[in-house]
Amino acid sequence: MAISLTLRIRAALLIILFALMCPKKCTSHLRLTLRLLHTKSIKTQESPDIKAGYLHSKSTPASRLDNLWSTETADIVSHVTPILNPAAFLANISIGDPPVPQLLLIDTGSDLTWIQCLPCKCYPQTIPFFHPSSSSTYRNASCKSAPHAMPQIFRDEKTGNCRYHLRYRDFSNTRGILAKEKLTFQTSEDGLISKPNIVFGCGQDNSGFTQYSGVLGLGPGTFSIVTRNFGSKFSYCFGSLTDPTYPHNNLILGNGAKTEGDPTPLQIFQDRYYLDLQAISLGEKLLDIEPGIFQRYRSQGGTVIDTGCSPTVLAREAYETLSEEIDFLLGEVLRRVKGWEQYTNPCYEGNLKLDLYGFPVVTFHFAGSAELALDVESLFVSSESGDSFCLAMTMNTFDDMSVIGAMAQQNYNVGYDLRTMKVYFQRTDCKILDS
(Lines give C-alpha, C1' and ligand atoms only; values in the text may rest on other atoms or scores of the structure.)
Protein backbone atom coordinates (compact mmCIF):
# COMPACT_ATOMS: atom_id res chain seq x y z
CA MET A 1 0.00 0.00 0.00
CA ALA A 2 2.84 2.40 0.88
CA ILE A 3 4.59 1.67 -2.41
CA SER A 4 1.37 2.25 -4.35
CA LEU A 5 0.78 5.57 -2.57
CA THR A 6 4.32 6.70 -3.26
CA LEU A 7 3.94 5.88 -6.94
CA ARG A 8 0.67 7.80 -7.12
CA ILE A 9 2.23 10.85 -5.45
CA ARG A 10 5.23 10.75 -7.75
CA ALA A 11 3.02 10.36 -10.83
CA ALA A 12 0.93 13.34 -9.79
CA LEU A 13 4.03 15.45 -9.29
CA LEU A 14 5.43 14.44 -12.67
CA ILE A 15 2.15 15.55 -14.27
CA ILE A 16 2.51 18.91 -12.50
CA LEU A 17 6.05 19.37 -13.80
CA PHE A 18 4.99 18.41 -17.31
CA ALA A 19 2.15 20.93 -17.22
CA LEU A 20 4.62 23.66 -16.25
CA MET A 21 6.71 23.32 -19.41
CA CYS A 22 6.50 26.16 -21.94
CA PRO A 23 4.12 25.83 -24.79
CA LYS A 24 5.71 27.72 -26.35
CA LYS A 25 2.14 54.88 -32.86
CA CYS A 26 -1.12 56.13 -33.84
CA THR A 27 -2.71 58.23 -31.11
CA SER A 28 -6.21 57.30 -32.20
CA HIS A 29 -5.95 53.63 -31.23
CA LEU A 30 -8.69 52.39 -28.93
CA ARG A 31 -8.17 51.43 -25.33
CA LEU A 32 -9.22 47.84 -24.88
CA THR A 33 -9.59 46.21 -21.48
CA LEU A 34 -10.11 42.45 -21.57
CA ARG A 35 -11.20 40.41 -18.57
CA LEU A 36 -8.95 37.42 -18.14
CA LEU A 37 -9.39 34.10 -16.42
CA HIS A 38 -6.58 31.70 -15.71
CA THR A 39 -6.82 28.23 -17.14
CA LYS A 40 -6.59 26.47 -13.80
CA SER A 41 -10.08 27.73 -13.05
CA ILE A 42 -11.54 26.59 -16.34
CA LYS A 43 -13.64 23.45 -16.21
CA THR A 44 -14.18 21.20 -19.18
CA GLN A 45 -17.82 20.79 -18.21
CA GLU A 46 -19.74 24.04 -18.08
CA SER A 47 -23.13 24.43 -16.46
CA PRO A 48 -25.97 25.17 -18.93
CA ASP A 49 -26.42 28.67 -17.47
CA ILE A 50 -22.75 29.57 -17.77
CA LYS A 51 -22.46 28.21 -21.27
CA ALA A 52 -25.64 29.91 -22.44
CA GLY A 53 -24.53 33.25 -21.03
CA TYR A 54 -21.06 32.91 -22.43
CA LEU A 55 -22.26 32.09 -25.93
CA HIS A 56 -24.94 34.78 -25.94
CA SER A 57 -22.94 37.06 -28.20
CA LYS A 58 -22.84 34.37 -30.87
CA SER A 59 -26.46 35.03 -31.70
CA THR A 60 -26.26 38.81 -31.43
CA PRO A 61 -27.65 40.29 -34.69
CA ALA A 62 -25.73 42.90 -36.69
CA SER A 63 -28.28 45.59 -35.85
CA ARG A 64 -27.69 44.94 -32.16
CA LEU A 65 -23.94 45.35 -32.69
CA ASP A 66 -24.51 48.71 -34.36
CA ASN A 67 -26.61 49.91 -31.45
CA LEU A 68 -23.99 48.84 -28.93
CA TRP A 69 -21.02 50.50 -30.66
CA SER A 70 -19.02 52.32 -27.99
CA THR A 71 -16.91 55.43 -27.89
CA GLU A 72 -13.12 55.19 -28.05
CA THR A 73 -12.83 55.98 -24.34
CA ALA A 74 -14.77 52.89 -23.21
CA ASP A 75 -12.93 50.06 -21.51
CA ILE A 76 -13.49 46.75 -23.25
CA VAL A 77 -14.31 43.77 -21.10
CA SER A 78 -13.91 40.21 -22.31
CA HIS A 79 -15.55 37.52 -20.17
CA VAL A 80 -13.94 34.08 -20.17
CA THR A 81 -14.69 30.51 -19.21
CA PRO A 82 -12.47 27.96 -17.41
CA ILE A 83 -10.30 24.88 -18.38
CA LEU A 84 -7.95 22.90 -16.10
CA ASN A 85 -4.44 22.98 -17.56
CA PRO A 86 -1.89 24.38 -18.24
CA ALA A 87 -1.45 27.21 -15.76
CA ALA A 88 -1.95 30.33 -17.87
CA PHE A 89 -4.21 33.32 -18.47
CA LEU A 90 -6.82 33.45 -21.25
CA ALA A 91 -8.75 36.29 -22.85
CA ASN A 92 -12.20 35.98 -24.41
CA ILE A 93 -12.42 37.64 -27.82
CA SER A 94 -15.24 37.16 -30.30
CA ILE A 95 -14.46 36.73 -33.98
CA GLY A 96 -16.46 37.16 -37.18
CA ASP A 97 -19.96 38.37 -37.99
CA PRO A 98 -22.01 37.10 -36.27
CA PRO A 99 -19.38 37.07 -33.48
CA VAL A 100 -18.27 33.71 -32.12
CA PRO A 101 -16.60 33.78 -28.65
CA GLN A 102 -13.11 32.30 -28.47
CA LEU A 103 -10.71 31.65 -25.56
CA LEU A 104 -7.17 32.70 -26.44
CA LEU A 105 -3.94 32.16 -24.53
CA ILE A 106 -2.29 35.51 -23.76
CA ASP A 107 1.21 35.22 -25.23
CA THR A 108 3.84 37.96 -25.23
CA GLY A 109 6.30 35.43 -26.60
CA SER A 110 4.77 35.14 -30.06
CA ASP A 111 3.25 37.47 -32.64
CA LEU A 112 0.53 35.72 -34.57
CA THR A 113 -2.98 35.56 -33.21
CA TRP A 114 -4.51 32.31 -34.42
CA ILE A 115 -7.73 30.45 -33.85
CA GLN A 116 -8.83 26.92 -34.72
CA CYS A 117 -10.98 27.05 -37.84
CA LEU A 118 -13.27 24.43 -39.32
CA PRO A 119 -12.69 22.28 -41.24
CA CYS A 120 -9.48 21.28 -39.48
CA LYS A 121 -7.36 18.68 -37.78
CA CYS A 122 -8.19 20.17 -34.40
CA TYR A 123 -7.50 19.37 -30.78
CA PRO A 124 -10.59 19.38 -28.49
CA GLN A 125 -11.71 22.75 -27.14
CA THR A 126 -14.41 23.63 -24.62
CA ILE A 127 -16.44 25.99 -26.81
CA PRO A 128 -17.72 25.90 -30.41
CA PHE A 129 -15.19 26.12 -33.23
CA PHE A 130 -15.08 29.09 -35.58
CA HIS A 131 -16.25 28.31 -39.13
CA PRO A 132 -15.10 30.95 -41.65
CA SER A 133 -17.88 30.11 -44.10
CA SER A 134 -20.43 31.24 -41.50
CA SER A 135 -18.91 34.71 -41.19
CA SER A 136 -19.71 37.59 -43.55
CA THR A 137 -16.47 39.44 -42.72
CA TYR A 138 -13.89 36.70 -43.33
CA ARG A 139 -11.29 37.57 -46.00
CA ASN A 140 -7.99 36.13 -47.16
CA ALA A 141 -4.87 38.12 -46.23
CA SER A 142 -2.00 39.06 -48.53
CA CYS A 143 1.19 37.03 -48.38
CA LYS A 144 3.82 39.45 -47.06
CA SER A 145 6.57 38.68 -44.60
CA ALA A 146 9.79 40.17 -43.19
CA PRO A 147 13.19 38.93 -42.01
CA HIS A 148 12.90 36.86 -38.82
CA ALA A 149 9.11 37.20 -38.93
CA MET A 150 7.11 34.40 -37.39
CA PRO A 151 5.25 32.51 -38.66
CA GLN A 152 6.67 31.21 -41.91
CA ILE A 153 4.28 32.06 -44.74
CA PHE A 154 4.03 31.07 -48.39
CA ARG A 155 1.54 31.39 -51.22
CA ASP A 156 -0.38 28.28 -52.19
CA GLU A 157 -0.31 28.43 -56.00
CA LYS A 158 -3.25 26.03 -56.34
CA THR A 159 -5.70 27.97 -54.18
CA GLY A 160 -4.10 31.44 -54.10
CA ASN A 161 -4.30 31.39 -50.28
CA CYS A 162 -1.48 32.60 -48.07
CA ARG A 163 -0.57 29.69 -45.83
CA TYR A 164 1.37 29.85 -42.57
CA HIS A 165 3.22 27.44 -40.33
CA LEU A 166 4.19 28.33 -36.76
CA ARG A 167 6.20 26.01 -34.53
CA TYR A 168 6.80 26.85 -30.87
CA ARG A 169 9.81 26.00 -28.73
CA ASP A 170 8.00 23.05 -27.15
CA PHE A 171 7.30 21.66 -30.65
CA SER A 172 3.58 22.41 -30.56
CA ASN A 173 2.56 23.88 -33.89
CA THR A 174 -0.23 25.35 -35.98
CA ARG A 175 -0.74 25.42 -39.75
CA GLY A 176 -3.42 27.12 -41.75
CA ILE A 177 -4.48 30.12 -43.80
CA LEU A 178 -3.51 33.72 -43.10
CA ALA A 179 -6.76 35.68 -43.10
CA LYS A 180 -8.49 38.87 -41.96
CA GLU A 181 -11.48 39.07 -39.64
CA LYS A 182 -13.43 41.35 -37.37
CA LEU A 183 -12.72 41.00 -33.66
CA THR A 184 -15.39 42.12 -31.19
CA PHE A 185 -14.93 43.09 -27.55
CA GLN A 186 -17.53 43.75 -24.87
CA THR A 187 -17.02 47.02 -23.02
CA SER A 188 -17.32 47.90 -19.36
CA GLU A 189 -20.32 50.01 -20.35
CA ASP A 190 -22.14 46.93 -21.69
CA GLY A 191 -21.42 47.98 -25.24
CA LEU A 192 -19.35 46.40 -27.99
CA ILE A 193 -16.33 47.55 -29.92
CA SER A 194 -15.21 45.84 -33.11
CA LYS A 195 -11.95 46.10 -35.01
CA PRO A 196 -12.20 45.02 -38.66
CA ASN A 197 -9.55 43.40 -40.85
CA ILE A 198 -7.41 41.95 -38.06
CA VAL A 199 -4.81 39.63 -39.57
CA PHE A 200 -4.92 36.22 -37.88
CA GLY A 201 -4.11 32.60 -38.52
CA CYS A 202 -7.05 30.38 -39.37
CA GLY A 203 -5.61 27.18 -37.89
CA GLN A 204 -6.45 24.03 -39.81
CA ASP A 205 -3.82 21.64 -38.43
CA ASN A 206 -3.01 22.26 -34.77
CA SER A 207 -1.28 20.06 -32.20
CA GLY A 208 0.33 20.28 -28.77
CA PHE A 209 -2.34 22.55 -27.27
CA THR A 210 -5.32 21.86 -25.08
CA GLN A 211 -8.89 23.11 -24.87
CA TYR A 212 -8.44 26.84 -25.45
CA SER A 213 -9.27 28.10 -28.95
CA GLY A 214 -5.91 29.51 -29.95
CA VAL A 215 -3.30 32.11 -29.07
CA LEU A 216 -3.46 35.90 -28.71
CA GLY A 217 -0.04 37.00 -29.98
CA LEU A 218 1.17 40.15 -28.20
CA GLY A 219 4.81 40.02 -29.31
CA PRO A 220 6.51 42.94 -31.09
CA GLY A 221 6.75 41.38 -34.55
CA THR A 222 5.19 41.86 -37.96
CA PHE A 223 2.01 39.89 -37.30
CA SER A 224 1.26 41.11 -33.77
CA ILE A 225 -2.11 42.79 -33.18
CA VAL A 226 -0.32 45.16 -30.79
CA THR A 227 1.93 46.72 -33.43
CA ARG A 228 -0.60 46.43 -36.27
CA ASN A 229 -3.78 47.56 -34.56
CA PHE A 230 -3.36 49.07 -31.10
CA GLY A 231 -0.41 51.44 -31.17
CA SER A 232 2.59 51.14 -28.90
CA LYS A 233 1.19 50.32 -25.45
CA PHE A 234 -0.45 47.46 -23.62
CA SER A 235 -0.63 46.19 -20.06
CA TYR A 236 -2.02 43.28 -18.10
CA CYS A 237 -2.75 42.72 -14.44
CA PHE A 238 -2.66 39.14 -13.18
CA GLY A 239 -4.03 37.99 -9.85
CA SER A 240 -3.40 34.58 -8.33
CA LEU A 241 -3.48 31.43 -10.43
CA THR A 242 -4.99 29.62 -7.45
CA ASP A 243 -8.07 31.86 -7.21
CA PRO A 244 -10.55 30.89 -9.94
CA THR A 245 -13.19 33.36 -8.71
CA TYR A 246 -10.98 36.46 -8.91
CA PRO A 247 -12.76 38.81 -11.36
CA HIS A 248 -10.17 41.59 -11.76
CA ASN A 249 -7.53 40.11 -14.09
CA ASN A 250 -7.34 42.39 -17.10
CA LEU A 251 -5.54 43.14 -20.34
CA ILE A 252 -5.51 46.65 -21.81
CA LEU A 253 -4.49 47.30 -25.41
CA GLY A 254 -3.74 50.85 -26.57
CA ASN A 255 -3.21 54.25 -24.98
CA GLY A 256 -5.19 53.40 -21.86
CA ALA A 257 -2.62 50.80 -20.84
CA LYS A 258 -1.43 51.23 -17.26
CA THR A 259 2.31 51.92 -17.40
CA GLU A 260 2.81 52.48 -13.69
CA GLY A 261 5.39 51.33 -11.17
CA ASP A 262 9.10 50.83 -11.68
CA PRO A 263 10.36 50.92 -15.30
CA THR A 264 13.15 48.84 -16.77
CA PRO A 265 14.64 49.11 -20.27
CA LEU A 266 13.13 46.92 -22.97
CA GLN A 267 14.96 45.51 -25.96
CA ILE A 268 13.38 43.87 -28.98
CA PHE A 269 15.35 41.26 -30.88
CA GLN A 270 13.99 38.71 -33.34
CA ASP A 271 10.42 39.44 -32.28
CA ARG A 272 11.00 38.85 -28.57
CA TYR A 273 10.83 41.15 -25.55
CA TYR A 274 14.20 41.12 -23.75
CA LEU A 275 14.79 42.56 -20.27
CA ASP A 276 18.04 43.38 -18.51
CA LEU A 277 17.96 40.99 -15.55
CA GLN A 278 21.00 41.71 -13.38
CA ALA A 279 20.68 39.68 -10.19
CA ILE A 280 18.51 37.34 -8.10
CA SER A 281 18.14 37.43 -4.32
CA LEU A 282 16.57 35.01 -1.84
CA GLY A 283 15.32 37.01 1.08
CA GLU A 284 18.13 39.40 2.00
CA LYS A 285 20.80 37.26 0.37
CA LEU A 286 22.05 38.30 -3.07
CA LEU A 287 22.87 35.06 -4.86
CA ASP A 288 26.32 34.48 -6.30
CA ILE A 289 25.36 34.41 -9.97
CA GLU A 290 27.53 35.92 -12.67
CA PRO A 291 25.43 38.83 -14.10
CA GLY A 292 26.56 38.00 -17.62
CA ILE A 293 24.59 34.76 -17.50
CA PHE A 294 21.41 36.77 -18.04
CA GLN A 295 22.73 38.85 -20.95
CA ARG A 296 22.12 38.22 -24.62
CA TYR A 297 25.23 37.65 -26.70
CA ARG A 298 24.42 38.09 -30.38
CA SER A 299 21.48 35.72 -30.85
CA GLN A 300 22.14 33.55 -27.79
CA GLY A 301 20.94 33.76 -24.21
CA GLY A 302 19.31 36.79 -22.66
CA THR A 303 16.18 37.15 -20.53
CA VAL A 304 12.76 37.13 -22.19
CA ILE A 305 9.38 37.99 -20.67
CA ASP A 306 6.78 35.54 -21.98
CA THR A 307 3.26 35.07 -20.63
CA GLY A 308 2.76 32.08 -22.93
CA CYS A 309 5.21 30.12 -20.78
CA SER A 310 3.86 28.98 -17.40
CA PRO A 311 7.00 28.59 -15.23
CA THR A 312 10.14 30.61 -14.84
CA VAL A 313 12.94 29.14 -16.94
CA LEU A 314 16.53 29.92 -15.94
CA ALA A 315 19.90 29.40 -17.55
CA ARG A 316 21.80 26.50 -15.98
CA GLU A 317 24.08 28.46 -13.63
CA ALA A 318 21.23 30.60 -12.32
CA TYR A 319 18.90 27.61 -11.85
CA GLU A 320 21.53 25.54 -10.07
CA THR A 321 22.43 28.33 -7.67
CA LEU A 322 18.83 29.26 -6.82
CA SER A 323 17.53 25.69 -6.53
CA GLU A 324 20.45 24.71 -4.28
CA GLU A 325 19.72 27.65 -1.96
CA ILE A 326 16.04 26.75 -1.84
CA ASP A 327 16.82 23.10 -1.14
CA PHE A 328 19.25 24.14 1.60
CA LEU A 329 16.38 25.87 3.40
CA LEU A 330 13.70 23.25 2.72
CA GLY A 331 15.77 20.08 2.90
CA GLU A 332 16.46 20.65 6.58
CA VAL A 333 12.81 20.81 7.61
CA LEU A 334 10.81 18.95 4.93
CA ARG A 335 11.14 15.51 3.46
CA ARG A 336 11.97 15.31 -0.21
CA VAL A 337 9.62 13.16 -2.27
CA LYS A 338 10.88 9.75 -3.29
CA GLY A 339 13.00 10.17 -6.39
CA TRP A 340 13.81 13.83 -5.63
CA GLU A 341 16.07 15.25 -8.33
CA GLN A 342 17.27 18.83 -8.61
CA TYR A 343 16.56 19.21 -12.33
CA THR A 344 13.58 16.96 -13.03
CA ASN A 345 11.80 16.35 -9.73
CA PRO A 346 12.49 19.15 -7.18
CA CYS A 347 9.51 18.26 -4.99
CA TYR A 348 8.83 18.09 -1.27
CA GLU A 349 6.26 16.54 1.03
CA GLY A 350 4.16 19.13 2.81
CA ASN A 351 1.43 21.71 2.41
CA LEU A 352 2.47 24.71 0.33
CA LYS A 353 0.62 27.35 2.34
CA LEU A 354 1.19 25.89 5.82
CA ASP A 355 4.74 24.58 5.57
CA LEU A 356 6.06 27.49 3.50
CA TYR A 357 4.54 30.24 5.64
CA GLY A 358 7.24 32.89 6.04
CA PHE A 359 9.47 31.45 3.32
CA PRO A 360 11.72 34.21 1.95
CA VAL A 361 10.76 35.97 -1.25
CA VAL A 362 12.83 35.46 -4.38
CA THR A 363 13.43 38.79 -6.12
CA PHE A 364 14.53 39.39 -9.69
CA HIS A 365 16.49 42.64 -9.95
CA PHE A 366 16.35 44.46 -13.30
CA ALA A 367 18.18 47.46 -14.71
CA GLY A 368 16.68 50.75 -13.53
CA SER A 369 15.97 49.34 -10.05
CA ALA A 370 12.79 47.57 -11.17
CA GLU A 371 12.05 44.39 -9.21
CA LEU A 372 9.81 41.35 -9.58
CA ALA A 373 9.15 39.61 -6.26
CA LEU A 374 8.12 35.94 -6.29
CA ASP A 375 6.30 34.70 -3.21
CA VAL A 376 5.58 31.02 -2.52
CA GLU A 377 2.62 30.91 -4.97
CA SER A 378 4.91 32.14 -7.74
CA LEU A 379 7.80 29.86 -6.73
CA PHE A 380 6.04 26.56 -6.11
CA VAL A 381 3.06 24.58 -7.37
CA SER A 382 1.00 22.30 -5.16
CA SER A 383 -0.20 18.80 -5.98
CA GLU A 384 -3.96 18.35 -6.30
CA SER A 385 -4.03 16.50 -2.98
CA GLY A 386 -2.23 19.38 -1.28
CA ASP A 387 0.26 17.12 0.53
CA SER A 388 3.28 17.89 -1.67
CA PHE A 389 4.62 20.64 -3.88
CA CYS A 390 7.30 21.27 -6.51
CA LEU A 391 9.57 24.14 -7.48
CA ALA A 392 7.78 25.96 -10.32
CA MET A 393 10.98 26.63 -12.22
CA THR A 394 12.86 24.71 -14.84
CA MET A 395 16.38 24.78 -16.18
CA ASN A 396 16.80 25.67 -19.84
CA THR A 397 18.22 22.58 -21.51
CA PHE A 398 18.11 24.09 -25.03
CA ASP A 399 20.26 27.20 -24.68
CA ASP A 400 21.17 29.90 -22.15
CA MET A 401 17.96 31.89 -22.45
CA SER A 402 16.02 32.71 -19.27
CA VAL A 403 12.26 33.24 -19.40
CA ILE A 404 10.02 35.19 -17.02
CA GLY A 405 6.79 33.21 -17.34
CA ALA A 406 3.19 33.79 -16.30
CA MET A 407 3.53 32.30 -12.82
CA ALA A 408 6.24 34.80 -11.86
CA GLN A 409 3.96 37.68 -12.87
CA GLN A 410 1.09 36.86 -10.51
CA ASN A 411 -0.14 39.80 -8.42
CA TYR A 412 1.56 42.28 -10.74
CA ASN A 413 0.48 44.86 -13.26
CA VAL A 414 2.97 44.78 -16.12
CA GLY A 415 2.92 47.63 -18.63
CA TYR A 416 4.69 47.81 -21.99
CA ASP A 417 5.55 51.04 -23.80
CA LEU A 418 7.09 50.23 -27.18
CA ARG A 419 7.68 53.89 -27.96
CA THR A 420 9.87 54.63 -24.94
CA MET A 421 11.06 50.99 -24.86
CA LYS A 422 10.27 50.34 -21.23
CA VAL A 423 8.45 47.70 -19.21
CA TYR A 424 6.83 48.65 -15.89
CA PHE A 425 6.36 46.34 -12.90
CA GLN A 426 3.85 47.23 -10.19
CA ARG A 427 2.95 44.78 -7.46
CA THR A 428 -0.71 45.39 -6.74
CA ASP A 429 -4.15 43.99 -6.20
CA CYS A 430 -5.72 44.22 -9.66
CA LYS A 431 -8.97 45.26 -7.97
CA ILE A 432 -7.39 48.64 -7.22
CA LEU A 433 -6.60 49.26 -10.88
CA ASP A 434 -9.98 47.88 -11.92
CA SER A 435 -11.99 50.34 -9.82
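Rules and cut-offs
- Residues numbered from 1 in each chain as written.
- Predicted model: local features only at pLDDT ≥ 70, side-chain atom pairs only at ≥ 80, totals over all residues.
- Heavy atoms only, no water.
- Disulfide = S-S within 2.5 Å.
- Helix = DSSP H or I, 4+ residues; strand = E, 2+ residues; numbered from the N terminus.
- Buried < 20%, exposed > 50% of the residue type's maximum accessible area, 1.4 Å probe, protein only.
- Pairing = 2+ DSSP bridges.
- Contact = heavy atoms within 4.5 Å.
- Polar contact = N/O pair within 3.5 Å; in protein donor to acceptor, adjacent residues only side chain to side chain.
- Phe/Tyr/Trp six-rings, centres within 6.5 Å; stacked < 30°, edge-to-face > 60°.
- Lys NZ or Arg CZ within 6 Å of the ring centre and 35° of its normal.
- pLDDT = per-residue confidence, 0-100.
- Axes fitted to C-alpha atoms, helices over the stretch in contact; angles between N-to-C directions.
- Salt bridge = Lys/Arg side-chain N within 4 Å of Asp/Glu carboxyl O.

Draft legend 1. Main features of the state of the cysteines. For the structure shown, the criterion picks out five disulfides. A sulfur-sulfur separation of 2.3 Å characterises the disulfide bridge that pairs C143 with C162. A torsion of 70 degrees about the S-S bond marks the disulfide between C143 and C162 as right-handed. Placement of the pair is C143 in the loop between strand 6 (139–140) and strand 7 (152–155) and C162 in strand 8 (residues 162–167), with a sequence separation of 19 residues. Judged by its relative accessible area of 33%, C143 falls in the partly exposed class. Between the sulfur atoms of C347 and its disulfide mate C390 the distance is 2.0 Å. The sign of the S-S torsion, about 95 degrees, decides the handedness of the disulfide formed by C347 and C390: right-handed.

Draft legend 2. Quick look at the sheet that holds strand 17 (residues 285–286). Taken together, the four strands give an open sheet; going across it, the order is 17-16-23-24, and neighbouring strands pair in antiparallel fashion. Looking at which strands have only one partner, the edges of the open sheet turn out to be strand 17 and strand 24 (371–374). When strand 23 (residues 362–366) meets strand 24, the two strands line up antiparallel, connected through four bridges. Paired with V362 across the bridge in strand 24 is L374.

Draft legend 3. Summary view of the environment of Q409. Position of Q409 relative to the elements: it lies in the loop between strand 28 (402–404) and strand 29 (412–417). When its relative accessible area of 0% is taken as the criterion, Q409 is described as buried. Distance from Q409 to F238, taken between C-alpha atoms, is 6.8 Å for residues 171 residues apart in sequence. Aside from chain neighbours lying at most four places away, what touches Q409 is Y236, F238, I305, D306, T307, I404 and V414. A distance of 2.4 Å separates the side chain of Q409 from the side chain of Y236, its partner in a polar contact. Within the structure, the side chain of Q409 is placed 3.4 Å from the backbone oxygen of I404, a separation counted as a polar contact.

Draft legend 4. Quick peek at the packing of aromatic side chains. Using the criterion set out here, one finds 21 aromatic pairs in the structure. Considering the side-chain rings of Y168 and F209, the 5.6 Å spacing of their centres and the 85 degrees angle between planes classify their relative orientation as edge-to-face. Taken as a pair, Y168 in the loop between strand 8 and strand 9 (173–187) and F209 in the loop between strand 10 (192–207) and strand 11 (214–217) lie far apart in primary sequence, 41 residues in all. Classification of Y168 by relative accessible area gives buried; the value is 8%. Judged by relative accessible area, F209 falls into the buried class, the value being 10%. Each member of the aromatic cluster is reached from another via a ring pair, and the members are F89, F234, Y236, F238, Y273 and Y416. If you follow R296 out to its NZ or CZ, it ends over the ring of Y274, 5.3 Å from the centre. The ring of Y343 carries R316 above its face, with NZ or CZ at 5.9 Å from the centroid.

Draft legend 5. Expanded view of the confidence of the model for the chain. Per-residue confidence for the chain gives a mean pLDDT of 81, with 78% of residues at or over 70. Throughout residues 1–23 the model reports pLDDT below 50, and contacts reaching past four residues in sequence, or to other chains, amount to 45 contacts.

Draft legend 6. A look at the environment of A373. Within the secondary structure, A373 sits in strand 24. Remark: the alpha-carbon pair of A373 and V362, spanning 11 residues in sequence, is separated by 5.9 Å. In contact with A373, not counting residues within four places along its chain, are V361, V362, T363, Y412 and R427.

Draft legend 7. Focus on the sheet that holds strand 26 (residues 388–391). Reading across the sheet, the three strands line up as 22-26-25 and stay open at both edges, with antiparallel pairing between neighbours. In the strand order of this sheet, the two ends are held by strand 22 (347–349) and strand 25 (380–382), each with one partner. The average angle at which neighbouring strand axes cross in this sheet is 25 degrees, direction not considered. Two elements, strand 25 and strand 26, share three bridges in a ladder whose sense is antiparallel. Each residue of the ladder has a partner; that of F380, found in strand 26, is L391. The sheet contacts of helix 5 (residues 316–330) involve strand 22, strand 25 and strand 26, and relative to strand 26 the element is tilted by about 150 degrees.

Draft legend 8. Inspection of the pattern of salt bridges at higher detail. Counted according to the given criterion, the structure contains six salt bridges. Note that R169 is salt-bridged to D399, the shortest N-O span being 3.5 Å. Residue R169 is found in the loop between strand 8 and strand 9, and its partner D399 is found in the loop between strand 27 (393–395) and strand 28; the two are separated by 230 residues along the sequence. Among the residues examined, D399 registers a relative accessible area of 23% and is labelled partly exposed. For D327, the salt bridge is made with R336, and the minimal N-O distance between the two is 2.3 Å. Of the residues examined, R336 reaches a relative accessible area of 38% and is grouped as partly exposed.

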